[in-house]
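Letter by letter, the chains look like this.
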Amino acid sequence: MFRTIEDFLNAWSYENQVTETLLRQLTDNSLNQKVYDEGRSLGQLVWHIAGSIPEILNRAGLELDEIDDSLDAPQSADELRQAFSKAADQVKEQVLAKWLDSELENEVNMYGEMWSKGKILTVLILHQAHHRGQLTVLMRQAGLVVTGVYGPAKEEWSSMGMTAAK
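Given the structure is predicted, the values throughout are model-derived calculations rather than measurements. (Residues numbered from 1 in each chain as written. Predicted model: local features only at pLDDT ≥ 70, side-chain atom pairs only at ≥ 80, totals over all residues. Heavy atoms only, no water.)

Colleague: I keep staring at the nonpolar core and nothing clicks. Help me out?
Modeller: In globular proteins that are soluble, nonpolar side chains generally tend to be buried together. Ranked by internal contacts, the top residues of the largest apolar core, which has 47 residues, are F8, L26, L57 and V91. For this core, the secondary-structure elements that each account for two or more residues are α1 (5–23), α2 (42–59), α3 (77–98), β1 (107–110) and α4 (117–141). Ranked by residue count, the leading element in this core is α2, at 9 residues. If we skip the residues at most four places from it in the chain, F8 touches F2, V91, V95, L121, L124 and I125. (Core = buried A, V, L, I, M, F, W, Y, C linked by side-chain atoms within 4.5 Å. Buried < 20%, exposed > 50% of the residue type's maximum accessible area, 1.4 Å probe, protein only. Helix = DSSP H or I, 4+ residues; strand = E, 2+ residues; numbered from the N terminus. Contact = heavy atoms within 4.5 Å.)

Colleague: Explain α1 here, please?
Modeller: Owing to its 3.6 residues per turn, the α-helix brings residues three or four apart onto one side. Helix length check: α1, at 19 residues, gives a terminal C-alpha distance of 26 Å against a target of 27 Å (1.5 Å per residue), a fit within 8%. Here α1 has its buried residues at I5, F8, L9, W12, E15, N16, V18, T19, L22 and L23. In the core, the buried residues of α1 are packed alongside α2, α3 and α4. (Expected span 1.5 Å × (residues − 1).)

Colleague: How should the packing of α2 against α4 be read in this particular structure?
Modeller: The packing of two helices is summarised by the inter-axis angle and the distance between the axes. Contact geometry of α2 with α4 gives a least axis separation of 10 Å together with a crossing angle of 175°. Put simply, α2 runs roughly antiparallel to α4. Contacts from L42, L45, V46, H48, I49, S52, I53, I56 and L57 in α2 reach I120, L121, L124, H127, Q128, H131, R132, Q134, L135, L138 and M139 in α4. Grouping the constituent residues of the contact of α2 with α4 by class yields 13 nonpolar, 6 polar and 1 charged. (Axes fitted to C-alpha atoms, helices over the stretch in contact; angles between N-to-C directions. Parallel < 35°, antiparallel > 145°, perpendicular 65-115°, else oblique. Nonpolar A, V, L, I, M, F, W, Y, C, P; charged D, E, K, R; others polar.)

Colleague: How should I be thinking about the side chain of T147 in this particular structure?
Modeller: With respect to the secondary-structure elements, T147 resides in the segment after α4. Exposure remark for T147: the relative accessible area of 16% places this residue in the buried category. The residues contacting T147, other than those within four sequence positions of it, are T21, L22, A153 and E156.

Colleague: Mind showing me how you'd approach the pairing of strand β2 (residues 113–116) here?
Modeller: Every regular strand shows the same layout, with side chains that alternate between the two sheet faces. Bridging between β1 and β2 involves 4 bridges; their strand directions are antiparallel. Looking across to β2, one finds that V108 is bridged to W115. The antiparallel pairing of β1 with β2 creates a hairpin that spans 2 residues between the two strands, and Y111 there sits at a positive phi of about 55°. (Pairing = 2+ DSSP bridges.)

This is the structure:
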């Protein structure tokens, strides 16, 4: 759980940087990739990642532009990247403008439970990381380049002069 806005913003900056690095690899042709027929497509997954940012934080009293991820995702990789980047930038603006360190232990009703604002910020990052893992699987299946997030991707080991782990 975050206890300072500065700590959250530092983590948020890193998490969004690596997500945007992955999103830059997407192509319009890759957006329909699925693991199984009933699963989300790669494009719909990115749309959900972007849409969940305002959905979560607006429940907590902030005011980000809504993204209705129940609708079909745009069929443009650029449009998906822009939607994610806009939502991610609004997080920084809204949290800095409306929340104080001293309020991060204050609780808000979230999904029928009481969560501290610090927990909400933690869940926001963990939710993105969870779906980013799914995103990398779909990207590999679509033949796209996957970059490392918390360590090198398989293809990146050789650039460090090392053999990829098994």
